[in-house]
2 protein chains.
Amino acid sequence: MTPKIITGKKGQGSKRGRGRPAVFDRAVALQAAMKLFWERGYEGTSFDDLISAMGISASSFYNSFGSKEALYCEATRSYLEWSGQWFFAILNDPSIDTKTAFARLFEATAEEFTRGDHPLGCMISLAGTHCAPGMSNIRDMMAEHRAFSESAMAARIRKGAADGDVSKNIDCDMLAAYYSAVARGLAVQARDGASREKLAQIGHLAMSAWPAG
Amino acid sequence: MTPKIITGKKGQGSKRGRGRPAVFDRAVALQAAMKLFWERGYEGTSFDDLISAMGISASSFYNSFGSKEALYCEATRSYLEWSGQWFFAILNDPSIDTKTAFARLFEATAEEFTRGDHPLGCMISLAGTHCAPGMSNIRDMMAEHRAFSESAMAARIRKGAADGDVSKNIDCDMLAAYYSAVARGLAVQARDGASREKLAQIGHLAMSAWPAG
DNA sequence: TTATTTTTGGTGTCATCGCTCCAAAAATCC
DNA sequence: GGATTTTTGGAGCGATGACACCAAAAATAA
């Protein structure tokens, strides 16, 4: 009944201690879990699928990651850290103006959503929209992540307005909401098998809604 | 092992026969199931949730609907029949031009996605994107429905090009893919709690990408 | 080497899931 | 009213899901 509290990451994460060192690479195992969650979602991924893909036993899993839900949170953070690399690099590139940043964002999105070395689309856009009651924590977490990326877009547009490369008359939050919606739609299109070219052209069309300066 | 084949709808569906008539209204039960599936998705909705919401017993469920998967298909058809009402009425309204039809489509979408009498967003847009292996039939079914609505949009645009109210130089399929993506994005935004006004403004912004005649 | 610390495999457990069977009950037809 | 046909409630089943526990194994510190 009393839930076991995992205070800190153990396994490969702790510094070289006394006992037997873990035989598996925690980062590699986490990455494998991330891809599975990305592909199938939280509820679509079973405990057995996870430990099998991660190449560890049930007890190692429990020792190192605490629970399926804790692992999902960690995998999500890992995904965000990874996708945030290209996302924020482009969004906040100081050498380009706001509109160009968004255009490049969608070019990169078309590429990233259709790569062969990881699942199609976006782990965040597709997750936690359709879920059982009792999964509200998961749903809320993903909604927050979506809201975060939308607000990052809004901040970039506001900066553009301050810098003078975006008209001061536009509603920055609404423009960000629009491009956020387009990104979510691209994730669904990618999942349904849309080609890189198709995604790129959708993004290009979306850019033609950019308000005139 | 030999799967029980449900040849036709029984229960309230069959014409007044000999035996004891069903005590529940099949259409009402189906609608309750539809709303549950719409809210939670296929995997997020349990058998017990269903029979409880439908107000019937497990055996009545099995007698009348065959299986959870068969019910899901039927609920999906029911949803499409219902949402197709407003969708195609606007898309194929002969009294308005193509661009106006799409603008009205998004106005209606903003309203329909945020009504209090049924779940938020769209049952089709959100379903079957993140699912377990073995659910490929469900995933494929939903992807087909999405492709169908996209092709209906493309057909409307092609008709517009033929009628002369859309430029003949545009790529009709690509424009449809773009508006399809926007619709998917609106469904996610609606799920995340976006207001009707926010959705309407996103749709309005999306319309400003309409190619010049 | 010995003691200590930690991981590991295997097994067990409890709940849920989706389904299935069965006999009683109820309504119609003759 | 009796026979027939169908629905209904309830009990139960095999599979899966997500852990949880434990004793053996392995590696380091002393």
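Residues numbered from 1 in each chain as written. Chains lettered and ligands numbered in written order. Predicted model: local features only at pLDDT ≥ 70, side-chain atom pairs only at ≥ 80, totals over all residues. Heavy atoms only, no water.

Student: I'd like a rundown of the nonpolar core, residues and numbers included.
Tutor: One finds A:Tyr178, A:Tyr179, B:Tyr178 and B:Tyr179 to be the most contacted residues of the largest nonpolar core, which totals 132 residues. Setting aside chain neighbours within four positions, we find B:Tyr179 in contact with B:Phe102, B:Phe106, B:Met153, B:Ala206, B:Met207, B:Ala209 and B:Trp210. (Core = buried A, V, L, I, M, F, W, Y, C linked by side-chain atoms within 4.5 Å. Buried < 20%, exposed > 50% of the residue type's maximum accessible area, 1.4 Å probe, protein only. Contact = heavy atoms within 4.5 Å.)

Student: Tell me about the protein's contact with DNA strand D, and name the residues and values.
Tutor: Among the 20 residues in the neighbourhood of DNA strand D, the closest are listed as A:Phe47, A:Lys68, B:Ser59, B:Ser60 and B:Asn63. Here a base nitrogen of DNA strand D and a side-chain polar atom of B:Ser59 are 2.7 Å apart. At 2.7 Å, a side-chain N or O of B:Ser60 approaches a phosphate oxygen of DNA strand D. Grouping the amino acids of the surface near DNA strand D by side-chain chemistry returns seven nonpolar, eight polar and five charged. (Near = heavy atom within 4 Å. Polar contact = N/O pair within 3.5 Å; in protein donor to acceptor, adjacent residues only side chain to side chain. Nonpolar A, V, L, I, M, F, W, Y, C, P; charged D, E, K, R; others polar.)

Student: Describe the interface of chain B and chain A, naming the residues involved and giving the relevant values.
Tutor: With 40 residues of chain B at the contact, the number on the chain A side is 40 residues. Of the roughly 3,200 Å² buried between chain B and chain A, counting both surfaces, carbon and sulfur atoms make up 62%. Summed over the three residues of chain B that lose the most area to chain A, namely B:His130, B:Met174 and B:Leu205, the buried surface amounts to 20% of that side. Taking the shortest distance from any N to any O, the salt bridge between A:Arg146 and B:Asp192 comes out at 2.6 Å. Between the two partners, chain B and chain A, sit 15 residue pairs in polar contact (both at pLDDT 80 or more). Of all the elements in the fold, those that place two or more residues in the side of chain B that touches chain A are α1 (26-40), α6 (136-163), α7 (172-191) and α8 (196-207) of chain B. A class-by-class count of the residues in the side of chain B that touches chain A yields 21 nonpolar, 10 polar and nine charged. (Buried area = accessible area lost by both parts, 1.4 Å probe. Salt bridge = Lys/Arg side-chain N within 4 Å of Asp/Glu carboxyl O. Helix = DSSP H or I, 4+ residues; strand = E, 2+ residues; numbered from the N terminus.)

Student: Pulling in residues and values, what's your account of the side chain of B:Thr98?
Tutor: Among the secondary structure elements, B:Thr98 is positioned in helix α5 (residues 98-112). Residue classification places B:Thr98 among the buried positions, given a relative accessible area of 0%.

Student: Go over the confidence of the model for chain A, please, and point to the residues and values.
Tutor: Residues with a pLDDT of 70 or more make up 91% of chain A, whose mean pLDDT is 90. The model gives residues 1-16 of chain A a pLDDT under 50, and that stretch makes 16 contacts with residues more than four places away or in other chains. (pLDDT = per-residue confidence, 0-100.)

Student: Got a sec to walk through the packing of helix α5 (residues 98-112) of chain A against helix α7 (residues 172-191) of chain A? Specific residues and values, please.
Tutor: Residue and element names in this part refer to chain A. Look at α5 against α7: their axes get within 11 Å of each other, and the N-to-C directions meet at 10°. Taken as axis vectors, α5 and α7 run roughly parallel relative to one another. At the point where α5 passes α7, the crossing takes the right-handed sense. Two secondary-structure elements touch here, α5 through Phe102, Phe106 and Thr109 and α7 through Tyr179, Val182, Ala183 and Leu186. (Axes fitted to C-alpha atoms, helices over the stretch in contact; angles between N-to-C directions. Parallel < 35°, antiparallel > 145°, perpendicular 65-115°, else oblique. Left-handed = near helix turned anticlockwise from the far one by under 90°.)

Student: Pulling in residues and values, what's your account of helix α1 (residues 26-40) of chain A?
Tutor: Residues and elements named next belong to chain A. Helix length check: α1, at 15 residues, gives a terminal C-alpha distance of 21 Å against a target of 21 Å (1.5 Å per residue), a fit within 8%. What α1 keeps buried is the set Arg26, Ala29, Leu30, Ala33, Met34, Leu36, Phe37, Trp38 and Arg40. At the N-terminal boundary of α1, the capping side chain belongs to Asp25, with an oxygen 3.0 Å from the backbone nitrogen of Ala27. At the exit of α1 stands Gly41, carrying a positive phi of roughly 80°. (Expected span 1.5 Å × (residues − 1).)

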